[in-house]
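A look at the structure
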Amino acid sequence: MKLIDWFLDRFRLKSAHRGVFDRKIPEGINYFYCFGGIAFTAFLICSISGFFLSFYYIPSENEAYLSIQRIHEEVYLGKLMRGIHKWSANVLIITLIIHSIRVFVTKSYRPPRELNWIVGVILFIIVMVEGFTGYLLPWDQKAYWATVVGTNIVGSIPFIGETLLLIVRGGYEVTGVTLNRFYSLHILWFPLIIMLLLWAHFHMIKKLGISKPL
Ligand code: HEM
């Protein structure tokens, strides 16, 4: 520790480091309070591996499936990166569920944290939809039919269903147009919205602190 302190001091990093990592936490918290942080780590790993995959993936009707095969068979560490992307996405969803249960059980949704609970619920929905848009990208039979079924659910909403279905699919069928829309949402718009919401989430945690255990 002395060596690390000396190093940080000589690099003049000590105060910056303190500002980021030193937080007051209440007494009596347990490991369940770590799941928000684990979810965030999974999100970071997912983003980095996704960044790598986007160098090789081609979002077109004719090329998508082939490009995935190429990532698996030809690209250096491609198979590993795809595995990391898939598994970190799964870990993100599972840890988010545990995090939400922890917040619910400890009643941390009560004022003054009710807005952070609402931000969390929106985050949860967007993370799920982010996973759904990613599921189509391999463009195989499983991906195609999962998207047909998922978007049919959107189409069954009373009054606005048909319009929504046309917007989501870009037509009446799931085609290359749908693939392009899902790709754009998956790699640009949803990650951007998630990052914005995460900033709001962490800002409120920083200002309000973590709730005391019941
Ligand atoms: C990608 C999504 C999310 C990330 C990365 C995240 C991260 C975090 C972190 C690091 C904390 C600090 C305490 C802890 O870890 O338990 C926290 C607190 C909190 N989170 Fe999340 N969270 C996410 C989604 C959610 C969801 C889905 C909900 C609720 C439905 C939620 C509601 C809250 C609330 C109310 C707090 C304050 C809890 C307290 O003060 O005890 N979060 N979040």
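The present account deals with the structure reproduced in this document. (Residues numbered from 1 in each chain as written. Predicted model: local features only at pLDDT ≥ 70, side-chain atom pairs only at ≥ 80, totals over all residues. Heavy atoms only, no water.)

1. Describing the overall build of the chain
Looking only at helices and strands, the chain features 9 helices and 0 strands. Seen through its principal axes, the chain has C-alpha atoms that stretch 60 × 45 × 25 Å. Sorting the 214 residues of the chain into buried and exposed places 32% on the buried side. Nonlocal contacts in the chain, meaning residues at least 24 apart in sequence, comprise 68% of its contacts between residues at least 6 apart. Total accessible area on the chain stands at roughly 14400 Å², and carbon and sulfur atoms take up 71% of it. Charge separation in the chain, taken as the distance between the mean sites of 21 positive and 13 negative side-chain charges, equals 14 Å. (Helix = DSSP H or I, 4+ residues; strand = E, 2+ residues; numbered from the N terminus. Buried < 20%, exposed > 50% of the residue type's maximum accessible area, 1.4 Å probe, protein only. Contact = heavy atoms within 4.5 Å. Areas by Shrake-Rupley, 256 points an atom, 1.4 Å probe, with all protein chains shown as cover. Lys, Arg positive; Asp, Glu negative; His and termini not counted. Charge placed at Lys NZ, Arg CZ, Asp CG, Glu CD.)

2. Points about the coordination of the iron atom of the ligand
Listed as protein donors to the iron atom of the ligand are His99 (NE2) and His201 (NE2); their distances from the metal cover 2.0 to 2.1 Å. In this structure, the iron atom of the ligand is surrounded by 6 donor atoms whose angles at the metal cover 86 to 179 degrees, and the resulting shape is octahedral. Taken together, the residues span a long stretch of sequence, with His99 in helix 5 (residues 78-105) and His201 in helix 9 (residues 176-208) at a distance of 102 residues. Both residues of the pair, His99 and His201, count as buried. (Donors = N, O, S within 2.8 Å, 3.2 Å for Na, K, Ca; no water. Tetrahedral: all angles 85-135°; square planar, octahedral: opposite > 155°, others 65-115°.)

3. Thoughts on helix 3 (residues 35-54)
Residue pairs three or four apart in sequence face the same way in an α-helix, which turns once every 3.6 residues. Over its 20 residues, helix 3 extends 28 Å from the first C-alpha to the last, a length consistent with the 28 Å expected when each residue adds 1.5 Å. For helix 3, the secondary structure elements touched by its buried residues are helix 4 (64-73), helix 5 and helix 9. (Expected span 1.5 Å × (residues − 1).)

4. Overview of the side chain of Glu130
Tracing the backbone through its elements, the reader meets Glu130 in helix 6 (residues 114-136). Despite its burial, Glu130 pairs with no opposite charge; the closest candidate is Arg82, at 14 Å N-O. If we skip the residues at most four places from it in the chain, Glu130 touches Leu185, His186, Phe190, Pro191 and Ile194. (Salt bridge = Lys/Arg side-chain N within 4 Å of Asp/Glu carboxyl O.)

5. Considering the site of the ligand
Looking at the ligand, there are 23 residues lining it, with Tyr33, His99, Arg102, His201 and Ser211 nearest. Take Ser211: an N or O atom from its side chain is 2.6 Å from an oxygen atom of the ligand. Grouping the constituent residues of the shell around the ligand by class yields 12 nonpolar, 9 polar and 2 charged. (Near = heavy atom within 4 Å. Polar contact = N/O pair within 3.5 Å; in protein donor to acceptor, adjacent residues only side chain to side chain. Nonpolar A, V, L, I, M, F, W, Y, C, P; charged D, E, K, R; others polar.)

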